[in-house]
Each structure stands twice: as C-alpha cells, then as structure tokens.
Amino acid sequence: RLQAAATRCQVFLQAIPQPVSHPLSLGMAVLAMQVGAVCAPSLIPRTQCSSFKARRSVAGNLKGRGQFTALPPLKLRRARELAIGPAQQTTRSKALTVCQAAAIEATPAVSPVKAIVVAIQLAVVNTYLNIFGRFETGIRLLVDLVFPSKIKNIFEGLFQCYKEQVAIGNNGDMKIASKKTSAVFREMIRAYAGQMLGTPYEFPSYHTAIREPIDYYKLGNDYVGTLVDYQRSVLGNAHHWDDIQKKIDAGENVIFFANHQSEADAAFIPLLTQKTHPGLGEKVVYLAGDRVVSDLMSKPFSMGRNLLCIHSKKHMAADDSTTKSKKMRANIKTLKEMEKLLKAGGTLLWIAPSGGRDRKSADGVLSPDPFDPDSIELMKKFGTKKGVKKTTFYPMAMATYDVMPPPVSVGGDIGEKRIVNYTGCGISLGDPIDVTENGDWAKGVAEDDYKQALAEYTFEKVSAEYSMICGCMGTGDGFETPISCTRPWL
C-alpha cells in the first residue's frame with residue numbers, strides 16, 4: 001500500500017525542486033498525498049488533459065510523462081486558491097496556514113508558479129511536522145533532509161544542548177526533556193522552513209511583530225521560557241512597572257537604557273512581567289543590531305518583536321567605506337521612524353547603549369559593558385525634542401548571560417554556534433533619570449563634559465542594579481530574593 005501511495009504522488013514529487021541532493025523519503029511521499037491531491041492538477045501536462053477538473057482526476061495516476069506547464073491565468077488563480085487559500089479565510093488547517101505564511105513573506109518579484117511550488121514544499125514540511133514533529137527522531141530526520149550543511153550542524157548541536165538543559169529542569173528526566181524540546185523545535189522548523197524554502201524576510205527600518213499566521217512572538221517566549229529556572233529568577237523594583245504602565249496608557253513614552261547579555265534578552269520583559277502586567281511586554285520596541293535580523297538562526301525570533309533596525313558602531317568598525325556609508329544611511333532612515341513613534345506617544349523603547357552584548361573579562365568576570373556616550377546623547381535629544389510626547393528614561397539591568405552566552409569575540413561570521421543553559425535570570429529597573437541639566441548627573445560638571453557625565457551616571461545606575469540581581473544566574477541551590485526584588489510568578 002505504501003508503494004501504491006507513493007506511485008500516486010509521483011507527479012507531485014517530481015514537480016518539487018529539492019533543496020538537498022537526495023529525494024524525499026517514502027514516508028514523506030505518503031504524507032504528500034493530501035497536498036498533492038489538491039495542488040498537483042496545476043502541474044499536469046496540458047497534453048494529457050485540457051480541463052482543470054479532468055487534470056485533477058488524473059493527478060495521482062500519471063507516471064511523470066511529459067513536461068509540466070502552468071495553468072492559464074484564471075485556472076492558475078484557482079490552483080493558487082486551492083494551494084494557499086484565501087487570505088480572508090481564518091478557519092484553515094495548519095498545513096494551509098504555512099502556505100499562507102509563504103505567500104505573505106514572498107516578494108512581488110516571485111512568479112506565480114514558483115509561489116505555488118514553494119507553498120507545496122512548505123505544506124509537505126508542515127504536514128510532516130504535524131505527524132512526526134512530536135518525536136525527536138522525526139525532527140532530526142527532517143533537519144537532515146532539508147537544512148543546509150552549515151545550519152544543520154549548528155541546529156543539531158543546539159537541539160542536543162537544549163534537550164540536556166531542559167532535562168536539568170525536569171530532574172534529569174530525558175524522556176520529558178525530549179518531548180518538550182521536540183515541541184519547541186517543531187515550531188522553530190516551521191519558521192526556518194519559510195526562510196529557507198520561500199523568500200527570506202527582509203526587515204524594514206521599523207518592523208512590527210508578526211503574530212499570524214505564525215505567532216513568532218509566542219515562538220520566542222516558548223523557546224526562552226523553557227530554559228528559565230523561575231525558582232531563582234527575579235524581578236527587581238516591580239513598582240516601577242506600575243508607573244510605566246500608567247505612562248504608556250496616558251500616551252507618554254518610556255525609554256530603557258539597558259545592558260545587553262544574550263540573544264534572548266527581548267523575551268525577558270514579557271516573561272518576567274506577564275503575571276503582573278499582562279500585555280505590556282508585547283508593546284516594547286527594541287533597537288536591534290544588524291546581526292539579529294540577518295542571521296538565519298536569529299531571524300524567526302526577531303520577527304516576533306517590534307524592532308527599529310540599526311547598525312551598531314561596534315560592528316561597523318571593520319566595514320569598508322562604501323558599506324559603512326550604506327549602513328549610516330539606513331540608520332538615518334531608522335531614526336526618522338523612531339522620531340515618528342516618539343511623537344505619536346505611548347512608545348516603550350529598549351536600547352543597549354553599549355552597542356552589543358556583554359563579554360567576560362580575561363579573568364572570567366562578567367559585568368555590563370560601558371555605555372557609549374553618543375548613544376545616550378542621541379536618545380536624550382530625541383526624547384526631549386520639540387513635538388515629542390513626554391518621555392521618561394529608566395536604567396535597566398539584565399542578568400541573562402547564562403541562558404545563551406555570546407561568543408568570546410565581537411563580530412565574526414553570521415551563524416555563530418549556539419549554546420544554551422537552564423538558568424535563573426533577572427531584570428531590574430532603577431529610579432527614573434532626569435536627563436536635563438537639572439539632573440543629579442550634571443551637578444558640578446562642566447558643560448563640555450555633560451555627554452560623558454550622563455553616560456557614566458546612567459552606567460553606574462545600571463551596574464548598581466546588576467550587582468543586586470546577577471547572583472540569580474545559574475541553577476542548583478536557591479538564590480535568596482534581594483529585598484527590592486520579587487518573584488510574582490510563584
């Protein structure tokens with residue numbers, strides 16, 4: 001029966017250009033039947049049958065004779081509707097949902113025929129995941145078939161590391177860890193497939209979180225949240241979040257000056273404030289560097305956040321003059337988008353003035369990297385600019401390094417090796433900073449030194465909060481809750 005089913009899918013399978021050197025397995029051929037029954041008619045040779053209905057009836061019986069041609073425009077439109085589904089239809093199976101995701105992310109330059117083929121490919125992958133994605137062996141087989149060699153090696157190592165760390169949080173039970181890891185990575189592969197088989201998503205200067213048809217926001221929270229030891233994690237000075245909620249609701253702006261420790265940092269405001277301030281974390285807009293929007297392994301998580309995409313000076317140091325000039329023009333465009341948001345009001349903005357993730361020193365000590373005075377000054381000017389709604393600045397400490405430690409060196413090739421840990425994490429807000437010349441930071445300081453003084457003052461406030469919560473990282477013995485911290489999720 002398997003052989004018979006595979007024969008019926010022969011036309012369908014031959015119409016799919018494979019991203020790998022070897023064909024799909026027999027099991028995936030059988031899974032392709034439900035998609036092939038709908039989509040294959042558009043790929044049947046015209047010489048075999050002229051009508052769409054007739055071609056649909058013989059789709060499973062042809063044995064790959066002749067050349068495949070596209071349907072006429074009207075029938076091609078009908079085939080596309082069958083394969084992708086009307087955009088307005090909400091009650092869709094998950095297989096068609098992924099097809100819609102491919103259509104949304106495709107650029108106008110993609111031909112209709114190619115769009116259909118990509119939709120079919122994604123539907124096959126999605127159907128496979130729906131059935132076999134619950135199992136570790138099913139995940140590993142699909143990764144081996146579909147992923148490019150470099151990404152495959154990174155992904156396989158990450159899968160094993162992730163499973164081992166999840167086991168720590170489940171008393172060493174590898175069966176539970178395998179099940180939880182497979183559930184998370186199944187959704188990750190759905191997202192990666194859209195980037196590899198379809199048209200890769202290009203981030204605009206201002207990107208808003210994509211919540212459907214794939215909820216990338218939830219994907220990121222699930223991936224990071226499974227690694228968090230909530231018994232050790234802390235939320236510092238939680239009363240500030242009450243004030244922030246009121247300011248945002250009143251149409252005012254809030255800007256966080258934060259240290260930056262891991263790729264997962266964008267998930268921690270939602271994860272640690274959801275219990276006390278549900279939905280507030282969804283509103284945060286992050287100033288994001290070019291690496292998190294260009295690295296394939298990072299992109300799906302970035303697609304689930306609101307981003308202002310900017311090129312960091314730290315990562316532009318090695319660029320040639322032409323590339324650097326192009327990136328500077330892109331930064332100017334992003335700053336214009338940021339100004340619009342601040343003038344509209346109700347914007348919650350996160351920025352890492354250090355320009356990158358914190359690294360350990362040569363002797364292994366981890367502490368926040370110093371803040372760039374120009375970055376602080378820029379945000380000060382935008383936050384106090386004429387026409388901008390009232391803006392309040394908060395120092396924010398993030399103790400998140402252990403969950404996804406960055407590579408030792410700054411820069412390097414896109415596609416860094418990923419290591420994750422099951423660990424406690426924490427964030428803490430300091431008191432608001434008066435960035436005007438009336439602030440404490442400006443007392444006794446010459447006007448020429450204002451920019452440096454404000455950066456140092458802000459950095460000191462973040463460092464003070466960080467020293468209070470950094471002990472939460474790690475696992476094992478408990479971390480005693482500091483006097484100004486809480487664990488509202490317990």
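Residues numbered from 1 in each chain as written. Predicted model: local features only at pLDDT ≥ 70, side-chain atom pairs only at ≥ 80, totals over all residues. Heavy atoms only, no water.

(A) Structural detail: the environment of Pro395. On the secondary structure map, Pro395 appears in strand β7 (residues 391-399). For Pro395 and Thr458, which are 63 residues apart along the polypeptide, the C-alpha to C-alpha distance reads 6.5 Å. In this structure Pro395 touches Phe257, Ser428, Leu429, Gly430, Asp431, Ile433, Thr458, Lys461 and Val462, once residues within four positions along its chain are discounted. (Helix = DSSP H or I, 4+ residues; strand = E, 2+ residues; numbered from the N terminus. Contact = heavy atoms within 4.5 Å.)

(B) Expanded view of the packing of aromatic side chains. Scanning all chains against the criterion turns up 18 aromatic pairs. With centroids separated by 5.2 Å and ring planes inclined at 50°, the aromatic side chains of Tyr128 and Phe132 adopt a geometry described as tilted. Separated by four residues within a single helix, Tyr128 and Phe132 lie in helix α8 (residues 112-132), roughly one turn from each other. For Tyr128, a relative accessible area of 3% puts it in the buried group. Ring plane angle 85° and centroid distance 6.2 Å describe the contact between Phe147 and Tyr192, whose orientation is recorded as edge-to-face. Of this pair, Phe147 sits in the loop between α9 (136-146) and α10 (149-168) while Tyr192 sits in helix α11 (residues 174-197), and the two are 45 residues apart along the sequence. By the burial criterion, Phe147 is buried, and Tyr192 matches it. Of the aromatic side chains, those joined through ring pairs into one cluster are Phe147, Phe155, Phe159, Tyr162, Phe185, Tyr192, Tyr223 and Phe301. Above the face of the Phe382 ring, Lys385 is positioned so that its terminal group lies 5.4 Å from the ring centre. (Phe/Tyr/Trp six-rings, centres within 6.5 Å; stacked < 30°, edge-to-face > 60°. Buried < 20%, exposed > 50% of the residue type's maximum accessible area, 1.4 Å probe, protein only. Lys NZ or Arg CZ within 6 Å of the ring centre and 35° of its normal.)

(C) Up close: the nonpolar core. Ranked by internal contacts, the top residues of the largest apolar core, which has 77 residues, are Tyr223, Trp241, Ile244, Phe256, Phe268 and Trp350. The residues touching Phe268, leaving out its near neighbours within four places in the chain, are Val224, Val228, Ser262, Met398, Thr400, Val403, Cys425 and Ile427. Counting residues in each nonpolar core, the second largest holds 39 residues, with Leu287, Ile310, Phe371 and Ala399 among its members. (Core = buried A, V, L, I, M, F, W, Y, C linked by side-chain atoms within 4.5 Å.)

(D) Structural context of the confidence of the model for the protein. On average, residues of the protein score 80 in pLDDT, and 75% of them reach the 70 mark or higher. The low-confidence segment residues 1-108, where pLDDT is below 50, has 168 contacts with residues more than four positions distant or belonging to other chains. (pLDDT = per-residue confidence, 0-100.)

(E) Structural view of the pairing of strand β4 (residues 284-288). Of all five residues in β4, five are buried, a share of seventy percent or more. Summarising the sheet, β4 and strand β5 (residues 306-309) pair through four bridges and their orientation is parallel. Along β5, the bridge assignment pairs Ala288 with Cys309. (Pairing = 2+ DSSP bridges.)

(F) Main features of the sheet that holds strand β8 (residues 426-429). Ordered by their spatial adjacency, nine strands build an open sheet running β1-β5-β4-β6-β3-β7-β8-β2-β9, and the pairing between neighbours is mixed. Edge positions in the open sheet fall to β1 (206-207) and β9 (485-486), since each of these has one partner strand only. Relative to β7, strand β3 (residues 253-258) runs parallel, the two being bridged by six bridges. Counted as the bridge partner of Val254 is Thr392 from β7. Seen against the sheet, helix α13 (residues 239-249) touches β2 (234-236), β3, β6 (348-351), β7 and β8 and runs at an angle of roughly 140° to β7. (Axes fitted to C-alpha atoms, helices over the stretch in contact; angles between N-to-C directions.)

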